[in-house]
Structure formats: structure tokens, C-alpha cells
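Structure assessment
Single-letter residue listing:
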Amino acid sequence: MADSEHPRLILNNFLSLEECKELELIHKSCSTVGYRPNVFSTTLSHLIATNSSHFIMPFVPIRERLKEKLEDFFDCHYQLVIEFTGLISWTSGASIGWHSDDNKPYLKQRDFTAVCYLNSYEKDFKGGLFNFQDGEPKTIAPLAGDVVMYTADSLNIHSVDEVTDGERLTLTLWFSRDSSHDEDAKLISALSKNLPHRSDNFSHSCLPLPASSIMYWFSLNQASLEESGFDICWARLHVLGYNVYCSQEMSSFSDFSELLMEPLQLARGDELFYQEFVNILHALQVVQFFHWKASEYQTSKVDIEAGKVMSLSHSQREKISRLKSFFVKDGRLAERVFHSVTKGLNEHHALDWANFSAAVTAWGDYIGKLHKEILVSLPYWRTHQSIFSVFHLAGFEI
Ligand SMILES: O=C(O)CCC(=O)C(=O)O
Ligand SMILES: [Fe+2]
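None of the values given here were measured: they were computed from a predicted structure.

Definitions and cut-offs
Residues numbered from 1 in each chain as written. Chains lettered and ligands numbered in written order. Predicted model: local features only at pLDDT ≥ 70, side-chain atom pairs only at ≥ 80, totals over all residues. Heavy atoms only, no water. 1 Å grid on protein atoms, 1.4 Å probe; cavity = no way out; pocket = protein on both sides within 12 Å on 5 of 7 lines; lining within 4 Å. Points joined across faces, edges and corners; volume = space filled by probe spheres on them. Helix = DSSP H or I, 4+ residues; strand = E, 2+ residues; numbered from the N terminus. Nonpolar A, V, L, I, M, F, W, Y, C, P; charged D, E, K, R; others polar. Pairing = 2+ DSSP bridges. Axes fitted to C-alpha atoms, helices over the stretch in contact; angles between N-to-C directions.

**Details of the layout of surface pockets**
Of the volumes computed, that of the second largest pocket is approximately 600 Å³. For the lining of the second largest pocket, the secondary-structure elements that each account for two or more residues are strand S3 (39-43), strand S4 (81-91), strand S5 (96-99), strand S6 (110-117), strand S11 (158-160) and strand S12 (163-176). The element that contributes the greatest number of residues to the lining of the second largest pocket is S12, accounting for four residues. Here the lining of the second largest pocket is built from residues that sort into 13 nonpolar, eight polar and five charged.

As C-alpha cells, this is what we get:
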């Protein structure tokens with residue numbers, strides 16, 4: 001592996017499965033359509049822009065560990081900055097041919113790449129093998145927790161086979177020797193402008209704020225909102241068996257796409273859950289959290305309190321299907337893009353709303369903890385102009 005003609009390092013189980021799952025939660029609740037067809041991405045600056053800065057916290061120790069490992073292996077201590085950190089998922093049809101990662105004039109600052117696989121070949125997706133053009137290893141089958149590190153230049157020309165099923169998810173970082181491309185400085189500046197104060201109430205400080213609806217619109221040929229395709233947030237709820245109900249009058253919206261930025265409720269089958277979410281991203285986040293932690297919420301034998309789950313009326317059902325036909329114009333396409341390879345499509349377990357309700361509370365605690373952590377960290381980050389984990393410093397308790 002320490003081949004000087006092809007400087008690269010492959011590490012198994014560098015991330016724990018728990019870390020992989022947490023980053024998957026973030027991606028599946030925050031991503032937008034990506035830079036190329038069938039690709040979705042979540043950048044750290046996007047998290048800040050959508051009032052979800054607290055989700056930067058799980059990245060912090062991972063970025064640190066990756067940088068340390070990379071500097072060790074390539075013998076360049078104190079020489080590198082992180083240029084970019086992002087979650088990137090590829091769905092059916094996505095691929096990339098032979099290239100090096102610095103192969104455009106505006107990418108010349110990239111010196112090293114680290115790709116962390118957050119889910120697994122054959123289990124979560126099909127296709128999507130990684131190949132190096134020369135040297136060993138030749139082909140890498142992504143497995144959750146594994147990392148590939150390599151120089152971003154022409155010594156490591158690589159490609160990724162087309163993904164043919166499922167969603168292939170990675171955490172990808174680029175590193176640069178040029179400190180003017182330090183991602184931390186940009187993030188700290190954005191955080192300083194956007195981070196609310198401790199005194200703000202929870203809903204203002206921690207609830208997500210969607211970006212422009214066009215950033216969540218998927219279509220096969222980058223068609224506009226009017227044409228076939230789907231809203232990726234609704235589609236992710238759809239593949240997990242949920243629907244969205246909005247009590248507002250549809251006629252009062254000249255632009256329908258704004259509806260998902262308004263308070264709404266979740267439905268499943270012919271049941272409507274009482275809780276109102278501030279917008280679709282909020283609902284999606286809670287659902288993804290529930291599914292991430294599902295095994296911890298399987299034990300409740302408590303019945304949901306009376307009145308918290310209602311039967312949908314005929315008119316409510318009609319409204320849901322009208323909304324759905326607008327936001328998920330092509331349901332089959334949504335299922336093809338987002339379904340999980342091993343779980344299959346129709347395996348929606350009957351939902352225990354009491355468990356779901358417990359997960360809503362646990363989600364609030366989880367988000368509240370991340371929020372506190374970033375509030376404590378930011379002054380240190382500003383002082384040092386660097387994003388690092390302050391919690392292993394002596395005397396820290398959150
Ligand atoms: O996801 C991978 O395995 C590599 C992706 C890649 O080559 C790139 O984004 O430049
Ligand atoms: Fe690449």
C-alpha cells in the first residue's frame with residue numbers, strides 16, 4: 001500500500017457503524033440534489049444555511065482523525081487544511097469515469113482525498129465499485145466504515161462504476177496545502193453570522209429552515225418543477241411509508257412549493273399523527289431519527305394517548321393525494337431512487353405511534369445536546385480559526 005508510484009492508503013473499520021449511521025441520518029434529513037444527475041449532497045455550509053449548524057458536531061472528531069491519519073501516512077504534519085467536507089450519495093445511474101481529483105483548473109488546490117464509505121456494496125446498493133487505473137489494490141468494494149485515502153493528482157487516476165440500485169453514501173474530504181482554501185475559516189465566519197444565542201428558544205435555534213424548493217427537486221433530466229420528478233424530502237418519507245398532510249388551504253398559495261415550508265403533519269395508512277412539524281425538513285428529520293434508532297423504540301408496550309392519532313377523513317385523504325400528486329409526480333421513480341436494496345419496498349412495519357412519540361422527545365434531546373455543544377465550541381473555534389473537538393480538553397462537561 002505504501003507504493004510511492006501510487007500513494008494511497010486503505011483502512012478498514014476506520015469509522016464505527018454508529019458514526020456511519022449518524023452521518024446517514026444527517027444526509028437523509030438535510031441533503032439537496034447534487035452537482036450531477038442522480039447525486040445528492042450535504043455540505044457543511046448548507047447545514048449552516050438551513051439552521052442546522054448543530055449537525056456539524058458529529059463531523060468534528062471524524063475530520064480530526066482523518067486529517068491526523070492522512071498527515072501521518074503522507075508525512076505532512078501541520079501542512080494541510082481541509083478544503084471540503086461533504087456527504088455525497090449516488091443513486092441508480094450515477095457513475096464517474098477515469099479522473100484525478102485535481103483535474104480542473106479550479107481544483108488544483110486539492111492535494112489529497114479521503115473517501116469514507118458509510119454504507120455497503122451489495123447490502124445497501126449495487127454497482128458503485130471504486131477502481132484505481134494503476135497499482136494495487138485495483139478495485140475496492142465499499143464497506144461501511146472503510147476509508148480510502150490517496151493523492152489527488154494523476155498518480156491516482158480512479159473511477160466509480162455505475163450504481164445500479166440503492167443509494168451509495170460517502171463522506172468525502174479534500175485536503176490542501178494552500179491555507180487560503182481552508183474550509184474551517186469559511187465555516188467559522190458563516191457560523192458566527194448564523195448561530196443563534198443560548199437564550200433563543202429551542203424552536204428558533206434548532207429547527208431546520210428549508211433552502212429554495214428547487215434544491216430539493218429531483219428529475220431525471222433536470223426538468224423543472226412542472227414536469228415529472230419529485231420533492232426529495234417527501235420522497236424520502238414516501239419510501240418509509242409516510243404521507244404529508246397540511247391543514248392550510250391550498251388555494252391560498254400561489255406557489256404550491258411553499259406549502260412544504262409551512263406547518264404540516266404526518267400520516268400513515270389511514271392514520272394522522274397529532275403533532276405539527278414546522279416544515280417538511282423538521283418532519284423528515286424526526287422520521288429519520290426514529291428509523292435510525294428504531295431498535296431502541298421497539299419495546300414500548302404503552303398505548304398511544306387518546307386523541308394523538310386520528311383516522312383520516314375522506315377530505316383529508318383527498319387533500320393528501322392532491323398534494324402528493326404535486327410533490328411526488330412520479331412515485332415509482334421516487335421508489336427506484338431511494339429504496340433500500342435489502343429492505344425491499346413494501347416492508348413497512350406497522351407503526352407503533354407510542355414508539356414514534358417517544359422518538360420525537362428523544363430527537364429533541366439529541367438535537368438540544370448537539371446545539372449546546374456547538375455553542376460551547378464556537379468561541380474556541382473563533383479564537384483558533386480552526387474547527388476542533390474541545391470536549392477532550394480538561395474540565396469539559398456538557
Ligand atoms: O465515491 C467514491 O468512491 C469516489 C468518488 C470520486 O471519485 C469523486 O468524487 O471524485
Ligand atoms: Fe474522484
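**Focus on the sheet that holds strand S18 (residues 309-311)**
Neighbouring strands of a sheet are bound in pairs by backbone hydrogen bonds; such pairs are parallel or else antiparallel. The four strands lie next to each other as S15-S16-S17-S18, forming an open sheet whose pairing is antiparallel. Both edges of this open sheet fall to strand S15 (243-245) and S18, since each of them pairs with a single strand only. Sheet twist, expressed as the average angle between the axes of neighbouring strands with direction ignored, equals 35°. The pairing of strand S17 (residues 271-273) with S18 spans three bridges and is classified as antiparallel. Counted as the bridge partner of Leu-272 is Met-310 from S18.

**A short note on the environment of Ser-120**
Looking at the element boundaries, Ser-120 is found in the loop between S6 and strand S7 (125-127). When the C-alpha positions of Ser-120 and Arg-168 are compared, they lie 7.5 Å apart, and in sequence the two are 48 residues distant.

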